[in-house]
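So the chains spell out like this:
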Amino acid sequence: MRLEMQRAVEMLAESSPIALGQAADLERRKRYDDTVTFIVDRNINYTNVCVNECRFCAFFRRPDHKDAYVLSHEAILEKVRETVEAGGTQVMIQGGCHPELGLDYYEKMLRLIKSRYDITIHSFTATEILHFARQAGLTVKETLKRLQAAGLDSLPGGGAEILVDRVRHQVSEKKITTAEWLDVMKCAHSIGMESTATMVIGLGETLAERVEHMEKIRRLQDETGGFRAFITWTFQPGNTQLGGEKTSSWNYMKTLAMTRLYMDNVAHIQGSWVTQGERIGQLTMGFGADDLGSIMLEENVVRAAGTAYDMSIQKMADLIRGAGRRPAQRDTKYNIIKRMDGEKI
Amino acid sequence: MTELIAARKRAAEGQRLSLADALLLYKDNDLLSLAAWARAAKERKSGKEVYYNVNRHINLTNICISGCPLCAFQCEEGDARGYVLEHEDIGRILDEARTVPNLGEIHIVSALHPTKDFSYYVQVVQQVKAALPEVDIKAFTPVEIVHFAKMTGKTIAEVLTLLKAAGLSSLPGGGAEILSDRVRQIICPKKATSAQWIETMKTAHRLGIRTNATMMYGHVETIEERLQHLITLRTIQDETGGFQAFVSFPFHPAHTGLEQLKRVGSWEDMKMMALSRLLLDNIDHIKAFWIMLTLPIAQLALGFGADDLDGTIGEEKIIHAAGAKTHTGITSSKLRAIIEETGYVPVERDTFYHARQEASL
């Protein structure tokens, strides 16, 4: 039986993360038993120049700032090469909404990568897609088709923040609206380009607004079936204009468990060790998460070659085994490509 | 399987668990069910209350004769890192402590110094008592008490009686590690044996000195040894009733003689938190020592059976020497906010778990 919005808000307000976690863990177990997956990939941020200037963002720079940068195609290809050599199966290329780069910059980037490397390109958030479309004077669908033809495989779910315009207006007024974000996803799914969905909590939203966000994803998923996974992040207040307190572990776990319970039609729930640290990250496996996302090869880690890379995979596998679960490496589509069994209890 | 079902039923109903039950529940690894049962057990003991205190730690010396492989704090005499707080140093710390609003407890644990006379420790207690007459003094682990007895040729009861007369309120429960001599031979071969630790605690309880009990896990012990440790504590408690709270410490291997080991994960920490609450049915309080666990994990621990977040702590040296990266102190209002968010009621307590006047809030 499907959770109603009203009931979900009540549960978030009144239940402990333990009660919600127990229910979410049962749901997870039915679907995946003891397997917990992760992916080996790399983030490539092609530019930090952004016209949106969101108050929660510590990454963006204005075009004339001394730290502003745009990566050349050569630099990006070099990073992709390192990723492939380190055993990565996916690149997540994301950047700011640059005022001058044209669609050909992105198309050429994708074609160059695909012509040289066998790697999945899971790249560009809905925010960027809309920006590209506007710059090029194309519709979102036309833009997505062009990018797909150039080699774009799937879209990451970033930029969703909270899909309620009241909240978005306060934290990122220049950025994509709720309807626009959902529309980009709908268009992508309609041309066979699947995606993930995210939510950022701690932006000043109410519990009802969190549930409203989940409801919007669930409703679109009923229609398209194109969301592979849902990921909850917590707002990181450091170095941002918005500032404020970090969302507590209690609050995060409760919300994480609710995402598993509410979005019965989204296959995977990802625990975020990146925003929560590995300690809370490990515990997400008890609260409904069946995937721990990416080991995120870092620049220096990739450069340090074999050993450091093994360490990262080893660390992820240990984290999963430490919860009594079976670690497995997956690809972007959540197919398991490598099991790491033979683990001791 | 039927045994597991029976063990789960006993845990859910709050019945006493055997070692066999505990082992089955451990292997079952159903973390959230353990949490739910432990949370219910906590609420049977302390309702909606969660305790904390305003405290300061003093570590008198790090110069130690026991050289335990598990420790990152101690050093030998003559080592440049070595220090001993003399009475004037302590005086300065106490001057600072007097400015702490609503200070409730001074916590003193230290190394086993080779030459410092027992009279020094008695005087420290007297000095603290004189400076802060309203503040409880929780000082000296059983390991230190056994050391004092050896140094002086006095019995444990005599040592404890003298310290109590000087102003000691209670004993912390440290140094228990795992009460298995096989394990102690590896991690702390020269310090108090299991029998000595137990004898000290029973003696203290008989003399009306309340204590805590501890466990340090995640090093070389087996799971059975770990769970047996909890049963041993429960058996002592059945006899004396003198343990106020139980505190477990995950082993931090950095900078110790056991650096090849890995720190266990938070999953294990929460599992032990819940299992401790379930097994120790006769100990009132389970502490989530935030300085060990970090605040986010300590807050979650309130869902896994803990009912005490320890204290505000001024400066802490022993755990930070082993690489703990937590801040060394926190305000009461922050602790209260963390507790309130979980739906529990924060209670500022004294050493004996009585609510204190919250005049300073």
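Parameters at a glance
- Residues numbered from 1 in each chain as written.
- Chains lettered and ligands numbered in written order.
- Predicted model: local features only at pLDDT ≥ 70, side-chain atom pairs only at ≥ 80, totals over all residues.
- Heavy atoms only, no water.
- Core = buried A, V, L, I, M, F, W, Y, C linked by side-chain atoms within 4.5 Å.
- Buried < 20%, exposed > 50% of the residue type's maximum accessible area, 1.4 Å probe, protein only.
- Helix = DSSP H or I, 4+ residues; strand = E, 2+ residues; numbered from the N terminus.
- Expected span 1.5 Å × (residues − 1).
- Arc of directions from axis to C-beta.
- Phe/Tyr/Trp six-rings, centres within 6.5 Å; stacked < 30°, edge-to-face > 60°.
- Contact = heavy atoms within 4.5 Å.
- Buried area = accessible area lost by both parts, 1.4 Å probe.
- Salt bridge = Lys/Arg side-chain N within 4 Å of Asp/Glu carboxyl O.
- Polar contact = N/O pair within 3.5 Å; in protein donor to acceptor, adjacent residues only side chain to side chain.
- Nonpolar A, V, L, I, M, F, W, Y, C, P; charged D, E, K, R; others polar.

(A) Spatial organisation of the nonpolar core. Judged by nonpolar contacts, the single largest core of 171 residues is most densely connected at Tyr 46, Phe 124, Trp 181 and Met 258 of chain A together with Trp 197 and Leu 227 of chain B. Membership of the second largest hydrophobic core comes to 47 residues, among which are Leu 112, Ile 156, Leu 160 and Leu 171 of chain B.

(B) Structural view of the environment of Thr 331 of chain B. Within the secondary structure, Thr 331 of chain B sits in the loop between helix 14 (318-321) and helix 15 (332-341). When its relative accessible area of 47% is taken as the criterion, Thr 331 of chain B is described as partly exposed.

(C) View of helix 2 (residues 17-32) of chain A. Residues and elements named next belong to chain A. Here helix 2 spans 21 Å end to end across 16 residues, near enough to the 22 Å set by a 1.5 Å rise per residue. Within helix 2 the residues assigned to the buried category are Pro 17, Ile 18, Leu 20, Gly 21, Ala 24, Asp 25 and Arg 28. Across the axial projection of helix 2, the buried residues extend over an arc of 145°, all falling on one side. For helix 2, the exposed residues lying more than 90 degrees away from the buried face are Leu 26 and Lys 30. Where helix 2 ends, the next residue or the one after it, Asp 33, has phi of about 50°, a positive value.

(D) Here's a closer look at the packing of aromatic side chains. All names here are of chain B. Taken as a whole and assessed by the stated rule, the structure comprises 17 aromatic pairs over all chains. Each ring, one from Tyr 51 and one from Tyr 353, has its centre 5.4 Å from the other, and the planes form 80°; the classification is edge-to-face. Here the residue Tyr 51 occupies a position in strand 1 (residues 49-53), and Tyr 353 occupies one in the segment after strand 10 (345-348), the gap between them amounting to 302 residues. Judged by relative accessible area, which is 10%, Tyr 353 ranks as buried. An angle of 45° between the planes, with centres 5.3 Å apart, marks the rings of Phe 118 and Phe 148 as tilted. One end of the pair, Phe 118, is in helix 5 (residues 118-131); the other, Phe 148, is in helix 6 (residues 142-152), with 30 residues separating them in the sequence.

(E) Inspection of the interface of chain A and chain B at higher detail. Across the boundary between the two partners, chain A contributes 24 residues, which contact 26 residues of chain B. Summing both partners gives a buried area of about 2000 Å² for chain A against chain B, and 62% of it is carried by carbon and sulfur. Put simply, chain A and chain B have two salt bridges between them. Applying the counting criterion to the chain A and chain B interface returns nine residue pairs in polar contact (both at pLDDT 80 or more). When contributions to the side of chain A that touches chain B are tallied by element, the ones reaching two or more residues are helix 2, helix 10 (249-262) and helix 11 (273-283) of chain A. No other element matches helix 2 of chain A, which puts five residues into the side of chain A that touches chain B. Of the residues belonging to the side of chain A that touches chain B, the class tally is nine nonpolar, 10 polar and five charged.

(F) Looking closely at the pattern of salt bridges. Residue and element names in this part refer to chain B. On inspection of all chains with the given rule, the structure shows 54 salt bridges over all chains. Residues Asp 281 and Arg 16 are paired through a salt bridge, measuring 2.8 Å at the closest nitrogen-oxygen approach. Residue Asp 281 is found in the loop between helix 11 (266-279) and strand 8 (285-287), and its partner Arg 16 is found in the loop between helix 1 (2-13) and helix 2 (19-28); the two are separated by 265 residues along the sequence. A salt bridge links Arg 81 to Asp 79; the nearest nitrogen and oxygen atoms lie 2.8 Å apart. Owing to a relative accessible area of 56%, Arg 81 belongs among the exposed residues under this scheme. Here Asp 79 falls in the partly exposed class, since its relative accessible area comes to 28%.

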